[in-house]
Amino acid sequence: MSLPFCNVALPVPLRTTFTYAIPETLRDFVQPGNRVVVPFRRKSLVGVVVECVPHAPEGAKIRELTKVLEFVPALTPKLLELGQWIAGYYLAPVGEVFRAMLPPVTELRTERQIVLTDSGSTAAQQDANATRPLNPQQHALLSQLTEKGGVMPFASAAKLGLDDAVLHRLRRAGLIEIRESMLGRKAKTQRVIAWKGGGEESGGGKSEKDRESRARALDEKIGGVKAALEARGPLPLAQLLRVAHVSRSVIERMLRDGLLESWEERIDPAEDPFDAGYVPPAHELNAEQESALKLVRARFELGEFGVLLLHGVTGSGKTEVYMRAVQETLARGKTAIILVPEIALTLWIGRQCRAWFGARFEGVAVLHSALSDVERAREWWRVRNGDARVVVGTRSAIFAPLQNLGLIIVDEEQESSYKQEETPRYHGRDVAIVRAKMENAAALLGSATPSLETYHHARSGKYELLTLASRVEQRAMASVEIVDLREDFAKTLQTSPISATLHTGIQECLAQKTQALVLINRRGYSWSVLCRSCGASVQCANCSISMTHHKQRNRLECHYCGSIQSVPKQCPKCQSQYVYFFGEGSEHLEERLRKEFPGARIARLDRDTARTKRQYQETLGAFAGGALDILVGTQMLAKGHDFQRVTLVGVVSADSSLSLPDFRAAERTFQLLTQVAGRAGRGQLPGRVLIQTFYPEHYAIQDAVRQDYPAFYERETQFRRVMAYPPFTSLANVIVRHTDLEKAIRWSRQLSQYFSPHDGKGLRILGPAAAPLAKLKKEHRFQFLLKSPKRSLLAKVLGGAMTYLERKEIPETAVLVDMDPLSLM
Ligand code: ADP
Ligand code: ZN
Ligand code: ZN
């Protein structure tokens, strides 16, 4: 079994693995999936063992690996397989894929432990007459282990005078296991209460009279506690007090009477302080939710892979369906992943999951990129060690090392944040489907505005379609109105980003003491700086894009590369004084709102004001808690939040996203408008949405006004079919880029020579042309667009291109391949 060589995937832009020799002493420990440290050129790198092999390739100089990072292979066999699929499909170096899948290598304080297995404990009880007696050393170790309750530190084996070889033999014989366990976390605990009594009070010994009076006083409260615990299972004390509306003394009394039991339970490290007072809503499912859940259940019962699309209008209660689906998955002894499109939602859904499952099952882990490296590694290993059975996270949480996966939920599956815009350029939703298939699990995609691709599959029967057509409790959808900015201008001759209609709407909101959301999809003060004399605009020095003016910071910023310039007093080209700022951004809008509504409490939420998780939460918390009247911001506002007192949503400019040179522009606009309209009228109060636009005729806007997804789908698919765009064809975007313009041109010509014989044979190849972003971060960019109804053909031709690049010695880093691109910029 212990082979002398292994092939290691390294995080370098090369599409091969590398063979290393395994030192004799480590051979027992190296398995596929292990992270190892190896010498590479003059550096040490961490790589992943892909396979162990008996021979090294001939003639090559083989070096030895230097270290095995952990005894438990970081990647399970399934995840190894998934990584290899990603590398193949997205044409990414496999070592870089694995690096993206794994937590950062950090110095976690771990202790290596020896753990007694079941057969080990049987063996320890054998005597010398057994068929395969243990030698005295081994016997000593096993009895020590038994004495210590089955676990001891690895280091104490050495104190017993045992060398590694003895341990390895025991390990191979399956008598012990070696594992890494995390140190250094103070285990905080909380008291958890569960219902114990069989429904009868154990009031024995007390007088009849006593019992009677107590029953009157307490019956109701006891009933409430019982109902709460039966509906939700064991609950932390603090939470139980809130849910059941009883005082601590009632619980103490019930404990004394033996109706309840309690124990101390470790608090999850992922828990956040907002958890304490949180009580998740537990609604009776309505008929639509119930039948959706039934279909999910039917899928579980089949025990096969399948994709389900939960298409539910905003406010239809999708979260409730997710929670029940996870609950049933856990009840079947399986595990679940919930992917959400942004960090803020991991907090929200994570909190719900902990409230639903945290106390009853081992735990919930939260994974996202805003965790510190150590936190992330720690959460990841908790999952790997089986200490958490539900994972909530953003894109990369799809790689959570859960075993026995039963369900993957992808909330807001259409969100572009699921697509990674750097190598490996994978789509989290698509990987979720592939992983579900590999693990024979169910994938549940949820959205009010599914991507065209997904809905297409649901229509064609490839996915199962579950529909929630109305809001919970028959609440009305918000009424959506268009504000035609041409008319508004004709009437007022003013160029405020806030039309007269929107102004009045906000005023009414303030008078009624309800809340308003105002959306604008650009941040900064003005997004263009132009000279009125010569017409020059201020462009970034590194990118072909205009600089954005940030007034408070008093500078121009490039939103693509982050470069900064001072605000020009005169035109950099012709020195005229007539520098003109135009195109409102969120900063400008906030200023304007403050001017027009001086008494109102206003805050702004965009990437400039919400730089940290904390700022973000504070602003959202203040708004949700009623400490603000108006919240203005970018699309951050549009997603998922469930504000109860919002009666007005204003969209300042619906057009800016429509005019982008991208075949998905209409789809994105429709989605954004529908999502943001869904933020209004979620509570008892009716909602109103005002969409300001210069193109009220556009179908993306018209259909969003009616919140009619199927109508939009029909029109948009016609366009896609005619133009041969997804879902009717597969796309790949290939960008050749270099800081040296001549090289970029030369290489695109060469690549064009490779591509041209393939053009017209089952695929179309457009380009090379200057990319829409012709220059980005100092690099000149040329673009090829490959289209084919047959994805396998695309993959074949692109695979060939990779080999061709190598032969022509064009560096891998100069050619960016984006399979199923979301953006063609
Ligand atoms: P969606 O994600 O579909 O927009 P949510 O899951 O956020 O909707 O649910 C919207 C609101 O409806 C939430 O406040 C939720 O607690 C509530 N809700 C969910 N299901 C029900 C139900 N069956 N009855 C009453 N209210 C419900
Ligand atoms: Zn000028
Ligand atoms: Zn730039």
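Remember, it's a predicted structure, so these values are computed and weren't measured experimentally.

*Asks:* Would you explain the coordination of the zinc ion (ligand 3) in this entry?
*Replies:* Each donor-metal-donor angle in an ideal tetrahedron of four donors is 109.5 degrees, and each such angle in an ideal octahedron of six donors is either 90 or 180 degrees. Only Cys540 (SG), Cys543 (SG), Cys558 (SG) and Cys561 (SG) from the protein coordinate the zinc ion (ligand 3), and they sit 2.2 to 2.4 Å from it. Between the 4 donor atoms coordinating the zinc ion (ligand 3), the angles at the centre fall across 101 to 116°, so the site counts as tetrahedral. The sequence motif formed by the donor residues of the zinc ion (ligand 3) is C-x2-C-x14-C-x2-C. Of this pair, Cys540 sits in the loop between β22 (526–531) and β23 (548–550) while Cys558 sits in the loop between β24 (555–557) and β25 (564–565); the two residues are 18 residues apart in sequence, bridging distant segments of the chain. The exposure classification of Cys540 matches that of Cys558, with both residues buried.

*Asks:* What is the right way to read the site of ligand 1 from this model?
*Replies:* Taken together, 19 residues form the shell around ligand 1, and within it Glu284, Gln289, Gly315, Thr319 and Asp642 come nearest. Separating an oxygen atom of ligand 1 from a side-chain N or O atom of Thr319 is a distance of 2.6 Å. Protein contacts shield 86% of the accessible area of ligand 1, which totals 560 Å² for the unbound molecule. Tallying contributions element by element places helix α11 (residues 318–331) first for the shell around ligand 1, with 3 residues. A breakdown of the residues in the shell around ligand 1 according to their chemical character gives 4 nonpolar, 9 polar and 6 charged.

*Asks:* When you look at the coordination of the zinc ion (ligand 2) in this model, what are you seeing that I'm missing?
*Replies:* At the metal site, the zinc ion (ligand 2) is ligated by Cys531 (SG), Cys534 (SG), Cys571 (SG) and Cys574 (SG), and these contacts range over 2.3 to 2.4 Å. If you look at the zinc ion (ligand 2), its 4 donor atoms make angles of 107 to 113° with each other, and the shape they trace is tetrahedral. When the donors of the zinc ion (ligand 2) are listed by position in the chain, the intervening gaps give C-x2-C-x36-C-x2-C.

*Asks:* Sorry if this is basic, but what is going on with the pattern of salt bridges here?
*Replies:* Two side chains bearing opposite charge may form a pair once their charged atoms approach each other closely. Under the definition given, this model contains 40 salt bridges. When the shortest N-O distance is used, the salt bridge between Asp608 and Arg553 registers 3.1 Å. Of the two residues, Asp608 sits in the loop between β27 (602–605) and α19 (613–624) while Arg553 sits in the loop between β23 and β24, which places them 55 residues apart along the sequence. Across the salt bridge formed by Arg715 and Asp703, the nearest N and O atoms sit 3.3 Å from each other. Pair noted here: Arg715 is in helix α22 (residues 709–723) and Asp703 is in helix α21 (residues 699–706), with a separation of 12 residues, a long-range link. Taking the relative accessible area as the measure of exposure, Arg715 reaches 37% and is therefore partly exposed. Looking at Asp703, the relative accessible area reads 0%, which means it is buried. What you see here is one network of salt bridges that share partners, running through Arg523, Arg553, Arg555, Glu557 and Asp608.

*Asks:* Would you mind showing me how to read the pairing of strand β15 (residues 364–367) here?
*Replies:* For a regular strand, side-chain orientation follows a simple rule: the groups alternate between the two sheet faces. Neither face of β15 is exposed, since Val364 and Val366 on one face and Ala365 and Leu367 on the opposite face are all buried. As paired strands, β15 and strand β16 (residues 390–393) are joined by 4 bridges and run parallel to one another. Residue Leu367 lies in a different strand from β16, and its bridge partner there is Gly393. Traced from β15 through helix α13 (residues 373–384) to β16, the parallel crossover comes out right-handed.

*Asks:* How do you make sense of the sheet that holds strand β1 (residues 5–9) when you look at a structure like this?
*Replies:* Pairing between sheet strands relies on hydrogen bonds along the backbone, with the strands arranged either parallel or antiparallel. Pairing in this open sheet of 6 strands is mixed, and the strands run β5-β2-β1-β4-β3-β6 from one edge to the other. Since the sheet does not close on itself, it has two edges, and those belong to β5 (63–64) and β6 (67–68), each with one partner. Bridging between strand β2 (residues 18–21) and β5 involves 2 bridges; their strand directions are parallel. When the bridges of β5 are listed, Ala21 appears paired with Glu64.

Rules of the game
- Residues numbered from 1 in each chain as written.
- Chains lettered and ligands numbered in written order.
- Predicted model: local features only at pLDDT ≥ 70, side-chain atom pairs only at ≥ 80, totals over all residues.
- Heavy atoms only, no water.
- Donors = N, O, S within 2.8 Å, 3.2 Å for Na, K, Ca; no water.
- Tetrahedral: all angles 85-135°; square planar, octahedral: opposite > 155°, others 65-115°.
- Helix = DSSP H or I, 4+ residues; strand = E, 2+ residues; numbered from the N terminus.
- Buried < 20%, exposed > 50% of the residue type's maximum accessible area, 1.4 Å probe, protein only.
- Near = heavy atom within 4 Å.
- Polar contact = N/O pair within 3.5 Å; in protein donor to acceptor, adjacent residues only side chain to side chain.
- Areas by Shrake-Rupley, 256 points an atom, 1.4 Å probe, with all protein chains shown as cover.
- Nonpolar A, V, L, I, M, F, W, Y, C, P; charged D, E, K, R; others polar.
- Salt bridge = Lys/Arg side-chain N within 4 Å of Asp/Glu carboxyl O.
- Pairing = 2+ DSSP bridges.
- Right-handed = clockwise from strand over helix to strand, strands pointing away.

Interpretation in functional terms is not warranted from these geometric data alone.
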